[in-house]
Structure formats: structure tokens, C-alpha cells
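Next come the chains, spelled out residue by residue.
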Amino acid sequence: MNIDWELENCCGDEERLFLIFYGIYVIVFALLFRTFLMKPMNVLSVFVHEFGHTSACVLTGGKLDAIEVYQNEGGVTKYRGGCQCLVIPAGYVGSAFWGGAFVAMSGNRIGATVVAGMITGALLFSLCYKPNSMMVMISLGFSALNAVAVFIEWFVFDPFLEYITLFYGVYIGYYAVRDIYDDLITRTADGSDAVACSKLFRCCHPRCVGVQFWLVAFAFQALGLYLALVWRATVEN
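### Let's talk about the overall build of the protein
Item 1. A tally of helices and strands in the protein yields 9 helices and 2 strands.
Item 2. Ordered by position from N to C terminus, the α and β elements of the protein give α-α-β-β-α-α-α-α-α-α-α.
Item 3. For 237 residues, the compact-globule estimate of 2.2 N^0.38 gives 18 Å, and the C-alpha radius of gyration of the protein, at 18 Å, lies within 12% of that figure.
Item 4. By its C-alpha atoms, the protein is 50 × 40 × 35 Å across when sized along the principal axes.
Item 5. Taking all 237 residues of the protein together, 46% fall into the buried category.

Structure, rendered in C-alpha cells:
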């Protein structure tokens, strides 16, 4: 298989449709971001943020006690131990990373199926750690939605799941960008991840940390879109 890194075979009808959907999603999210219609996705994005802390904690030897997500779009990860210099930034950076990764993997039905499985697995995993009622609701709701989307993709109609997981990836990435800007750049809130990072790395002001997170979030989305197009062009080729 020759990987089309230079996108010489881009963009055919399917790639253009993929880009159109990406653009439509961004516009729709910008218009409806603070409306009740996006509430479920906002809560899911908060979960991805908290799961970033969870992953870093577990991978660096910490112990997870609970993951909680609230209706007001707040959340908390209760843990002990772990490498703080990795666990603290893993919320914003982790959600930006997963947003970009989900966009990239949406370039193919196999990748999209893996994304649906990963999201479902993470949500069900969270139920093992003293979830609050909102956590239970989004875990069961999105798990059921993903199962239906996978069934439709493989047995009824395709492409379908690729645009569902693209929706996830774009929204989670968009949420990370907006969240970082609102919480870390325009203001400095006591107890935020940026303040905690600035205490670990004394050379960085909290807003400077926020700007770095913000640039990383944009970079992950751009990289994810590029890799999705590479994947689509390569598979078609």
C-alpha cells in the first residue's frame, strides 16, 4: 500500500463530501454551541476531558476513585497519586488530542467503528468508579447510540458511521478550543488546570499555559483532518 502523504489523489467526490460535512459541523456548532440542542455533546465533551485526567492517572501509576460529570457541564476526576505534571494538563490536552484522533479515524469505516468502540468502552469503564446519575445517563445513552450507528453502518447503509464519528471528533475538538479560550485565556480561575500547571512549571503564567493548550488544540484538529484525508485517499488508491 502506497500512502498518499502528499494528497496527490485528493480530492474526489468522497473527500469533498467529507470536507463539506466538516465545515458544516463547525458552522453549526458555532451557532448552536450554547443552546440546549448541544447539551448532550457538551456533557460528553466534559467526560472526555475528565477521562484524559483518568488515563494519565492510571498510566502513571495512580489510583482512580471516581469520575463525575454534572448537568452544569462541570466535572471532576477523583484520584490519588500519578505523575502530576502529566495528569493535570491531560484534561484539556487530552480532549483536544482525542478530538483530532476521532477526526482522523473517521476517514475509514474500520477506523470509525474503532472510535465508536473506544467511546463506548470508556463510558462503560467509568461506570465501575462510583458514577453520579449524569455519568450513568450519558454512558448508557451514548453507548446505545453508538451500537445503533455501528449496526446501520455494517448492515443497513454506508457511509454512515464515519460521519457520526466525524461529528464526535469535530465537536470534542471545537469544545476543547472554546473551553480553553473561555476558561484559561480570557480569565484566570483559581483551581483551573492552567493555574495548577503554572504552579508546577513556575516559568509559565496561567494564561500563557492557556495559549499553549489552545495552539495544541488547533494543531490536533488540523492534523486529524489531514490524516483523515490521507487515509481516504490511500484506501481509494
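### Observations regarding the UniProt feature "transmembrane region" (unreviewed entry) in the protein
Item 1. The positions that UniProt labels "transmembrane region" (unreviewed entry) are, in the present scheme, residues 17–37, 85–104, 110–129, 136–154, 160–177 and 209–231.
Item 2. In residues 17–37, the share of helix is 76% and the share of strand is 0%. The end C-alpha atoms are 24 Å apart.
Item 3. Across residues 85–104, the secondary structure splits into 90% helix and 0% strand, with the terminal C-alpha atoms separated by 27 Å.

### Brief notes about the pairing of strand β1 (residues 63–69)
Item 1. Most of β1 is tucked away: 5 of the 7 residues are buried.
Item 2. Relative to strand β2 (residues 75–80), β1 runs antiparallel, the two being bridged by 6 bridges. The residue of β2 that forms the bridge with Ile-67 is Thr-77.
Item 3. The loop that links β1 with its antiparallel partner β2 comprises 5 residues; one of these, Glu-73, has a positive phi angle of about 70 degrees.

### A closer look at the packing of aromatic side chains
Item 1. Taken as a whole and assessed by the stated rule, the structure comprises 22 aromatic pairs.
Item 2. For the ring pair Phe-125 and Tyr-129, a centre distance of 5.1 Å and an interplane angle of 50 degrees mean the geometry is tilted.
Item 3. When its relative accessible area of 25% is taken as the criterion, Tyr-129 is described as partly exposed.
Item 4. Measuring from ring centre to ring centre gives 5.5 Å for Tyr-181 and Trp-214, while their planes differ by 35 degrees; the resulting arrangement is tilted.

### Quick notes on the packing of helix α2 (residues 39–59) against helix α4 (residues 90–105)
Item 1. The N-to-C vectors of α2 and α4 enclose an angle of 110 degrees; their axes lie 7 Å apart at closest approach. Of the possible angle classes, the one that applies to α2 and α4 is roughly perpendicular. Crossing angle aside, the handedness with which α2 passes α4 is right-handed. Residue-level inspection shows Val-48, His-49, Gly-52, His-53 and Ala-56 of α2 in contact with α4, the latter providing Ala-90, Gly-91, Tyr-92, Ser-95 and Trp-98.
Item 2. For the contact of α2 with α4, the residue count by class is 5 nonpolar, 5 polar and no charged.

### Regarding the pattern of salt bridges
Where charged atoms from two side chains of opposite charge approach closely, those side chains can pair.
Item 1. Throughout the structure, instances matching the rule amount to 9 salt bridges.
Item 2. A salt bridge links Asp-65 to Arg-80; the shortest N-O distance between them is 2.8 Å. Pair noted here: Asp-65 is in strand β1 and Arg-80 is in strand β2, with a separation of 15 residues, a long-range link.
Item 3. Using a relative accessible area of 23% as the deciding quantity, one classes Asp-65 as partly exposed.
Item 4. Take Arg-80: its relative accessible area is 47%, and that puts it in the partly exposed class.
Item 5. As a salt-bridge pair, Glu-162 and Arg-232 come within 2.9 Å of each other at their nearest N and O atoms.

Rules used in this analysis
- Residues numbered from 1 in each chain as written.
- Predicted model: local features only at pLDDT ≥ 70, side-chain atom pairs only at ≥ 80, totals over all residues.
- Heavy atoms only, no water.
- Helix = DSSP H or I, 4+ residues; strand = E, 2+ residues; numbered from the N terminus.
- Rg over C-alpha atoms; globule rule 2.2 N^0.38 Å.
- Buried < 20%, exposed > 50% of the residue type's maximum accessible area, 1.4 Å probe, protein only.
- UniProt positions renumbered as here; feature names shortened; annotations may be inferred.
- Pairing = 2+ DSSP bridges.
- Phe/Tyr/Trp six-rings, centres within 6.5 Å; stacked < 30°, edge-to-face > 60°.
- Axes fitted to C-alpha atoms, helices over the stretch in contact; angles between N-to-C directions.
- Parallel < 35°, antiparallel > 145°, perpendicular 65-115°, else oblique.
- Left-handed = near helix turned anticlockwise from the far one by under 90°.
- Contact = heavy atoms within 4.5 Å.
- Nonpolar A, V, L, I, M, F, W, Y, C, P; charged D, E, K, R; others polar.
- Salt bridge = Lys/Arg side-chain N within 4 Å of Asp/Glu carboxyl O.

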